[in-house]
Amino acid sequence: MNQVRLGRSELRVSRIAFGERAEVDPSKSKPLHLVGPIQDLESSRLAVILGGGAGLGAFEVGVIDSLARQGLRPDLIVGTSVGALNAAFWAFHEGPDVGERLLRVWLATERHSLISEQPWRWLRRLLTHQDHLLGHSGEMSLISRHIGPEALIEEAGIPLVVVTTELRSGTRVALREGNVRSALLAAIAIPGLFAPVPLGGRLLVDGCLVANCDLETAVEAGMQEAIVVDPFGTDIIEEGADVMAIMEHAVMVSLRHQTDLAIRALAGRMRIALLRPTLRWTARPFDFSHTMELFEMGQDAGRKHLSEGFAPRFEDRSAPEVRALIPSALGTATAGQH
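This structure is a prediction, so every number in the text was calculated from the model and none was measured.

It is worth spelling out the overall build of the protein at this point. Looking only at helices and strands, the protein features 11 helices and 12 strands. Burial status across the protein gives 57% buried among its 338 residues. The long-range fraction of contacts in the protein, counting pairs at least 24 apart against all pairs at least 6 apart in sequence, stands at 77%.

Our focus in this paragraph is the environment of Leu-56. Within the fold, Leu-56 resides in the loop between strand 3 (46-50) and helix 1 (58-69). With a relative accessible area of 3%, Leu-56 lands in the buried category. The residues touching Leu-56, leaving out its near neighbours within four places in the chain, are Pro-231, Phe-232, Met-252, Leu-279, Ala-283, Pro-285 and Leu-294.

Even without being glycine, Ala-54 reaches a positive phi, approximately 50 degrees. Position of Ala-54 relative to the elements: it lies in the loop between strand 3 and helix 1. Despite not being glycine, Ser-81 has its phi angle at roughly 55 degrees, a positive value. If you trace the backbone, Ser-81 turns up in the loop between strand 4 (76-80) and helix 2 (82-92). The class for Ser-81 is buried, based on a relative accessible area of 11%.

Here Ser-66 shows up in helix 1. You can call Ser-66 buried: its relative accessible area is 4%. Along the chain, Ser-66 and Asp-300 lie 234 residues apart, while their C-alpha atoms are 7.7 Å from each other. Not counting chain neighbours up to four residues away, the residues in contact with Ser-66 comprise Gly-298, Gln-299, Gly-302, Arg-303 and Leu-306.

All right, on to the pairing of strand 3 then. The buried fraction of strand 3 amounts to five of the five residues, a majority that puts the element mostly inside the structure. A two-sided burial pattern is seen for strand 3, the buried positions comprising Leu-46, Val-48 and Leu-50 on one face and Ala-47 and Ile-49 on the other. Pairing between strand 3 and strand 11 (residues 225-229): five bridges, direction parallel. Looking at strand 11, one finds that Leu-50 is bridged to Val-229.

This brings us to the nonpolar core. Membership of the largest hydrophobic core comes to 60 residues, with the highest contact counts inside it found for Trp-90 and Val-162. Discounting residues that sit within four places of it in the chain, Val-162 has contacts with Gly-79, Ala-84, Ile-153, Val-173, Ala-174, Leu-175, Ala-183, Leu-184 and Ala-187. Among the nonpolar cores identified, the runner-up in size contains 21 residues, and Ile-49, Val-163, Ala-218 and Met-223 belong to it.

Moving on, we come to the packing of helix 2 against helix 7 (residues 180-187). Between helix 2 and helix 7, the least distance of the axes is 9 Å, while the angle of their chain directions is 155 degrees. For the element pair helix 2 / helix 7, the angle class is roughly antiparallel. Within the contact between the two elements, helix 2 uses Ala-84, Leu-85, Ala-88 and Phe-92 and helix 7 uses Val-180, Leu-184 and Ala-187.

Two side chains of opposite charge can pair, provided their charged atoms sit close to one another. A complete count under the given rule lists 14 salt bridges for this structure. Arg-104 is the salt-bridge partner of Glu-100, the closest N and O atoms lying 3.3 Å from each other. Highlighted residues: Glu-100 and Arg-104, both in helix 3 (residues 98-108), separated by four residues, approximately one helical turn. Note on Arg-104: relative accessible area 48%, which makes it partly exposed. Across the salt bridge formed by Asp-214 and Arg-172, the nearest N and O atoms sit 3.5 Å from each other. One end of the pair, Asp-214, is in the loop between strand 10 (202-206) and helix 8 (215-220); the other, Arg-172, is in strand 7 (residues 172-175), and 42 residues separate them in sequence. Both residues of the pair, Asp-214 and Arg-172, count as buried. It is possible to trace a salt-bridge network through shared partners that takes in Asp-65, Arg-69, Glu-100 and Arg-104.

All right, on to helix 3 then. For helix 3, the complete set of buried residues consists of Val-98, Gly-99, Leu-102, Leu-103, Val-105 and Trp-106. Looking down the long axis of helix 3, one finds its buried residues gathered within 155 degrees of arc, a one-sided arrangement.

The rules behind each value
- Residues numbered from 1 in each chain as written.
- Predicted model: local features only at pLDDT ≥ 70, side-chain atom pairs only at ≥ 80, totals over all residues.
- Heavy atoms only, no water.
- Helix = DSSP H or I, 4+ residues; strand = E, 2+ residues; numbered from the N terminus.
- Buried < 20%, exposed > 50% of the residue type's maximum accessible area, 1.4 Å probe, protein only.
- Contact = heavy atoms within 4.5 Å.
- Pairing = 2+ DSSP bridges.
- Core = buried A, V, L, I, M, F, W, Y, C linked by side-chain atoms within 4.5 Å.
- Axes fitted to C-alpha atoms, helices over the stretch in contact; angles between N-to-C directions.
- Parallel < 35°, antiparallel > 145°, perpendicular 65-115°, else oblique.
- Salt bridge = Lys/Arg side-chain N within 4 Å of Asp/Glu carboxyl O.
- Arc of directions from axis to C-beta.

None of the figures reported here should be taken as evidence of function without further support.
Below you can see the structure in the form of structure tokens.
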């Protein structure tokens, strides 16, 4: 484990190599420890996995900025919830300045622009027993502006997978083709808050229910290395925290534990680096006031990761390698037009 002190916050960067045993104490949210040597995997296939975290997803933007500026081009980007939005932007706007461009989108986007409906609409849906409180108009506008209303997942410059959950069965659905906007709306559809999105005969909602950091999709696609970026780092509960803060903290602990278990289960099948912030404040997922601080923490985490010999495969711009994903390996549903 390596730590970088950053004033109010610190970063934890943990690595796990093939065949290692991941020692995890979920109850204490301890970082993952390594046992044995790290193998040289310079020619292995690399996935970047971006987890959900709402406003904490600005940490991912900083990581993207560091990786892209160093010329790292993953073989696959897998995104869940807000991580799917960040993943799609990177996949469709690859280049050394993609992180800076994505940061501008974050700074220009305010919470009220995403939840733009009047409260009376929420009350009407509640009183008429509908399955959601909020519509998707703000998110649809955001995705259309920055990616396009008709863009297809398979058109991305970097192979992209958008992770969702099938509402009825609770199964993971990894979308690798179809309309990007529809897939992303499903990926961020928090059950009860946003309407489920019908795709391929299924009702899809936020993927964080089953795979906030979806390592399984990367393994199924034949990836041998993974950089897992989990915005749900450890935080603190300040004295006098209200009930919402405590509930949000409990959800974060649960999702962090989910990721720890996934890493422990798959550590013997691929080499994993976990990038996760440790916050010096009570994390509120829908608080966007720490965007720049989280971005800078992500930048530092990405730079530290690259400087310490994880041996990532860097893009050969003269002959970039792009491998088609194997349909049967991903268990996906086709995303139709929204």
